[in-house]
Amino acid sequence: MAQTPQQRKANEKFAKSEAAKRGKGKSVTKQKQSSKSPVSAGWVVVLAFAVCGGLAFEALRIIPELWSAAVAMFNRKLA
């Protein structure tokens, strides 16, 4: 059977008084466990370069072609 909030308070109060009788300090609280990523930062960088690096190289290849096409179109409009 689950504890009600009133029972929980009473149990905590009793445990506190019993700990005081034994001369113990405050009750130990659980510390948060630090979660560690299974993948190191170096591998994340390598994966990001593999995914985004191809896009960057493709953009560097296409930009001069787009620039020359825009200049040609501009020259045709002026002429």
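From a predicted model like this one, the values you see are computed outputs, not experimental measurements.

A. Seen up close, the overall build of the chain. Across its full length, the chain carries two helices and zero strands. In terms of overall size, the chain is more extended than a compact globule, its C-alpha atoms giving a radius of gyration of 34 Å where 79 residues would be expected to give roughly 12 Å. A principal-axis box enclosing the C-alpha atoms of the chain has dimensions of 100 × 30 × 25 Å. Residues counted as buried form 3% of the 79 residues belonging to the chain. Of the roughly 8200 Å² of accessible surface on the chain, 66% is carried by carbon and sulfur atoms. Charge-centre separation for the chain: the mean point of 14 positive side chains lies 13 Å from the mean point of 4 negative side chains.

B. The UniProt feature "transmembrane region" (unreviewed entry) in the chain, seen in detail. The residues that UniProt annotates with the feature "transmembrane region" (unreviewed entry) are residues 40-63. As annotated, residues 40-63 has a helix share of 96% and a strand share of 0%, and its two end C-alpha atoms lie 34 Å apart.

C. Quick peek at the pattern of salt bridges. Scanning the entire structure with this criterion turns up three salt bridges. A salt bridge links Glu18 to Lys21, with the shortest nitrogen-to-oxygen separation between them at 3.1 Å. Of this pair, Glu18 and Lys21 both sit in helix α1 (residues 5-22), three residues apart, which is roughly one turn of the helix. Judged by its relative accessible area of 22%, Glu18 falls in the partly exposed class. On the accessibility criterion, Lys21 (65% relative accessible area) is exposed. Across the pair Glu58 and Arg61 runs a salt bridge whose closest N-O atoms are separated by 2.5 Å.

D. Fine view of the environment of Phe74. For Phe74, the location among the structural elements is in helix α2 (residues 41-78). The exposure class of Phe74 is exposed, given its relative accessible area of 52%. Distance from Phe74 to Gln3, taken between C-alpha atoms, is 79 Å for residues 71 residues apart in sequence.

E. Region of the structure containing the environment of Gln3. Looking at the element boundaries, Gln3 is found in the segment before α1. Counting along the chain gives 43 residues from Gln3 to Val46, while the straight-line C-alpha distance between them is 51 Å. With sequence-adjacent residues up to four places away left out, Gln3 is seen in contact with Arg8 and Asn11.

Analysis parameters
Residues numbered from 1 in each chain as written. Predicted model: local features only at pLDDT ≥ 70, side-chain atom pairs only at ≥ 80, totals over all residues. Heavy atoms only, no water. Helix = DSSP H or I, 4+ residues; strand = E, 2+ residues; numbered from the N terminus. Rg over C-alpha atoms; globule rule 2.2 N^0.38 Å. Buried < 20%, exposed > 50% of the residue type's maximum accessible area, 1.4 Å probe, protein only. Areas by Shrake-Rupley, 256 points an atom, 1.4 Å probe, with all protein chains shown as cover. Lys, Arg positive; Asp, Glu negative; His and termini not counted. Charge placed at Lys NZ, Arg CZ, Asp CG, Glu CD. UniProt positions renumbered as here; feature names shortened; annotations may be inferred. Salt bridge = Lys/Arg side-chain N within 4 Å of Asp/Glu carboxyl O. Contact = heavy atoms within 4.5 Å.

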